[in-house]
Amino acid sequence: PQYLVETSDEKAFGFALQTDWAPVKNFNFFVNAQYIDVTFKDRVTRSGVDLKGQPTGEPLWSFALGGSYLHELGQAGEVEFLVAHAYEGKQRCNDESLGQGSCLDNGVFSVGEAQNRTDLRLYWRDADDRVQIGAFVNNLFNNRYVNGVNNISADTLGTPFASISEPRIWGLDIQLKY
């Protein structure tokens, strides 16, 4: 095993805005935006690369929007449908990430590109709110992204490794309250 611990001083400036809106009963919508500029105040890598003033990798912008509809069924409970979409901007590269390949664009795939994801949920709850049965799909459009390439295993295994975003996931969940 190999353990790597690095420290740095970082500075960040940003803001987040969120608006929630319920135009009529049982319809709710939200939208949010986040801006964050994170840079290294003081950091020199193990290989001697000075990252002072360079971005840490965090995207500048991210957005999300979504909504829900609640349909009341009287004594049979209620059904709720939710949809949400999220966008995360492109990873901001620095000298270290470029050298390691975590900001790579080789024509076949890009590392750290902007990402989009849409999730859906459908829930039924009984009238006493003791039983909830739900179905969901995360990453509805099966958007796949290479989040990073790391060379830490190249010396040991002879090859780098990549981390990839999760594929579309379908599922059911049941909640019981007693």
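Residues numbered from 1 in each chain as written. Predicted model: local features only at pLDDT ≥ 70, side-chain atom pairs only at ≥ 80, totals over all residues. Heavy atoms only, no water.

A.B. asks: Please clarify how the environment of Gln-18 should be interpreted in this entry.
C.D. replies: You can see Gln-18 is positioned in strand β1 (residues 9–21). Once the C-alpha coordinates of Gln-18 and Leu-65 are considered, the two residues, 47 residues apart in sequence, prove to be 9.4 Å apart. Sequence-distant contacts of Gln-18, defined by excluding residues within four places in its chain, comprise Phe-30, Val-31 and Asn-32. At 3.1 Å, the side chain of Gln-18 forms a polar contact with the side chain of Asp-20. For Gln-18, the side chain forms a polar contact with the side chain of Asn-32, separated by 3.4 Å. (Helix = DSSP H or I, 4+ residues; strand = E, 2+ residues; numbered from the N terminus. Contact = heavy atoms within 4.5 Å. Polar contact = N/O pair within 3.5 Å; in protein donor to acceptor, adjacent residues only side chain to side chain.)

A.B. asks: Where do I start with the layout of surface pockets in this structure?
C.D. replies: Once rolled over the atoms, a probe with the size of a water molecule shows which space is left empty. Reported here for the second largest pocket is a volume of approximately 270 Å³. Along the walls of the second largest pocket sit 19 residues, with Ala-86, Tyr-87, Glu-88, Gln-115 and Arg-117 positioned nearest its centre. For the lining of the second largest pocket, the secondary-structure elements that each account for two or more residues are β2 (27–42), β3 (61–72), β4 (78–88) and β5 (115–125). Grouping the constituent residues of the lining of the second largest pocket by class yields eight nonpolar, seven polar and four charged. (1 Å grid on protein atoms, 1.4 Å probe; cavity = no way out; pocket = protein on both sides within 12 Å on 5 of 7 lines; lining within 4 Å. Points joined across faces, edges and corners; volume = space filled by probe spheres on them. Nonpolar A, V, L, I, M, F, W, Y, C, P; charged D, E, K, R; others polar.)

A.B. asks: Hey, could you run me through the packing of aromatic side chains in this one?
C.D. replies: Aromatic rings considered in pairs are described by the distance between their centres and by the relative angle of their planes. Using the criterion set out here, one finds eight aromatic pairs in the structure. Plain terms: the ring middles of Phe-15 and Trp-61 are 5.9 Å apart, the flat faces sit at 80 degrees to each other, and that makes the pair edge-to-face. Placement of Phe-15 in strand β1 and of Trp-61 in strand β3 is noted, with a sequence separation of 46 residues between them. Overall, Phe-15 belongs to the partly exposed group, its relative accessible area being 38%. Its relative accessible area of 35% is what places Trp-61 among the partly exposed residues. (Phe/Tyr/Trp six-rings, centres within 6.5 Å; stacked < 30°, edge-to-face > 60°. Buried < 20%, exposed > 50% of the residue type's maximum accessible area, 1.4 Å probe, protein only.)

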